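Read off the chains here:
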Amino acid sequence: MTQPVRFDAIRTDRLVMRRWLESDRAPFAVLNADPETMRFFPRTLDRAASDALVDRIEMGFDQQGYGLWALEVAQSGEFIGFTGLNPMPDGVPGAGGVEVGWRLARHAWHHGYATEAARAALTVAFDGIGLTEIWSMTAVLNEPSQAVMRRLGLTEVARFSHPRVPAGHPMQPHVTYHRLSVS
């Protein structure tokens, strides 16, 4: 069996995108428990759920060679969230494809970090892995993430009711964005 090409760490001008460290778990749990940070998700995550997410992310790196990189500010080494590539779930437009996504701590908002890191993730997707397309999705109410998607050159392609969000929940209406590789 051929081993996947590995993308364990990526640097941008201001950021380091890397595999997860044990020391990332506590600040990631704080981020996931913050109602403001998680306002466009159905619920916050407790420590156990946050740790389980890190475990799933790391398993994805082992299987695919890429994933949702832990994100830190290069100058300070401060953990600020994640940005990266993840399989699109079943039952949504783009299912079976790969999405670019991010989740940043509130203090890291409005610095351009999500866009900067997501651009690096798109370079891995198109030039490193050889994907021909990329997807992204979020709650319809999440205009800040949709603005990042547009800055990345993605275009809205579908609105849908997310099958994993309870019926009637304000976050159930979702939107999917898409972009083809330019090469």
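Placed above this text is the structure.
Residues numbered from 1 in each chain as written. Predicted model: local features only at pLDDT ≥ 70, side-chain atom pairs only at ≥ 80, totals over all residues. Heavy atoms only, no water.

**Description of the overall build of the protein chain**
Across its full length, the protein chain holds four helices and eight strands. Order of helices (α) and strands (β) in the protein chain, N terminus to C terminus: β-β-α-α-β-β-β-α-β-α-β-β. Taking 2.2 N^0.38 as the reference for a compact globule, 183 residues should give roughly 16 Å; the C-alpha atoms of the protein chain span a radius of gyration of 16 Å, in line with that estimate. Seen through its C-alpha atoms, the protein chain measures out along the principal axes to roughly 40 × 40 × 35 Å. For the protein chain, the proportion of contacts with a sequence separation of at least 24, taken over those separated by at least 6, is 60%. Looking at the protein chain as shown, the accessible area adds up to about 9,100 Å², and 54% of this sits on carbon and sulfur atoms. Distance between charge centroids for the protein chain: 3 Å, based on 18 positive and 20 negative side chains. (Helix = DSSP H or I, 4+ residues; strand = E, 2+ residues; numbered from the N terminus. Rg over C-alpha atoms; globule rule 2.2 N^0.38 Å. Contact = heavy atoms within 4.5 Å. Areas by Shrake-Rupley, 256 points an atom, 1.4 Å probe, with all protein chains shown as cover. Lys, Arg positive; Asp, Glu negative; His and termini not counted. Charge placed at Lys NZ, Arg CZ, Asp CG, Glu CD.)

**Concerning helix H4 (residues 143-151)**
Turning to H4, its buried residues number three or more, namely Ser145, Gln146, Val148 and Met149. Seen along its axis, H4 keeps its buried residues to an arc of 155°; they face one direction. Each element contacted by the buried residues of H4 is listed here: strand E5 (98-104), helix H3 (113-129), strand E6 (133-139), strand E7 (155-161) and strand E8 (173-180). The opening residue of H4 is Asn142, an N-cap whose side-chain oxygen sits 3.1 Å from the backbone nitrogen of Ser145. Following H4 by one or two positions, Gly153 has its phi on the positive side, about 85°. (Buried < 20%, exposed > 50% of the residue type's maximum accessible area, 1.4 Å probe, protein only. Arc of directions from axis to C-beta. Polar contact = N/O pair within 3.5 Å; in protein donor to acceptor, adjacent residues only side chain to side chain.)

**A word on the side chain of Arg18**
Within the secondary structure, Arg18 is located in strand E2 (residues 15-18). Of the residues examined, Arg18 reaches a relative accessible area of 11% and is grouped as buried. Here the side chain of Arg18 touches Glu72 through a polar contact of 2.7 Å, side chain to side chain. Those residues in contact with Arg18 that lie beyond four places of it in its chain are Asp8, Ala9, Asp24, Trp69, Ala70, Glu72 and Phe79.

**Overview of unusual backbone geometry**
Positive phi outside glycine occurs at His110, with the angle close to 65°. Topologically, His110 is positioned in the loop between E5 and H3. Judged by its relative accessible area of 80%, His110 is exposed.

**Overview of the environment of Gln172**
One can find Gln172 in the loop between E7 and E8. Through-space distance from the C-alpha of Gln172 to that of Arg6 is 34 Å; in sequence the pair is 166 residues apart. When sequence neighbours within four positions are dropped, the list of residues in contact with Gln172 reads Phe160, Ser161, His162, Val165, Pro166 and Ala167. Polar side-chain contacts of Gln172 include one of 3.4 Å to the backbone oxygen of Val165.

**Focus: the pattern of salt bridges**
Pairing of side chains with opposite charge becomes possible as their charged atoms draw close. In the structure shown here, the tally under the stated rule is 15 salt bridges. As a salt-bridge pair, Asp8 and Arg19 come within 3.2 Å of each other at their nearest N and O atoms. Of the two residues, Asp8 is situated in the segment before strand E1 (9-11) and Arg19 in the loop between E2 and helix H1 (25-33); the sequence distance between them amounts to 11 residues. Look at Arg19 and you get buried, because its relative accessible area is 19%. In this structure, Arg106 and Asp34 form a salt bridge, with 2.6 Å as the shortest nitrogen-oxygen distance. Taken together, the positions of Arg106 in the loop between E5 and H3 and Asp34 in the loop between H1 and helix H2 (47-64) put the pair 72 residues apart, joining distant regions of the chain. Here Asp34 falls in the buried class, since its relative accessible area comes to 14%. Taken together, the shared-partner salt bridges in this structure form one network comprising Arg6, Asp8, Arg19, Glu58 and Asp62. (Salt bridge = Lys/Arg side-chain N within 4 Å of Asp/Glu carboxyl O.)

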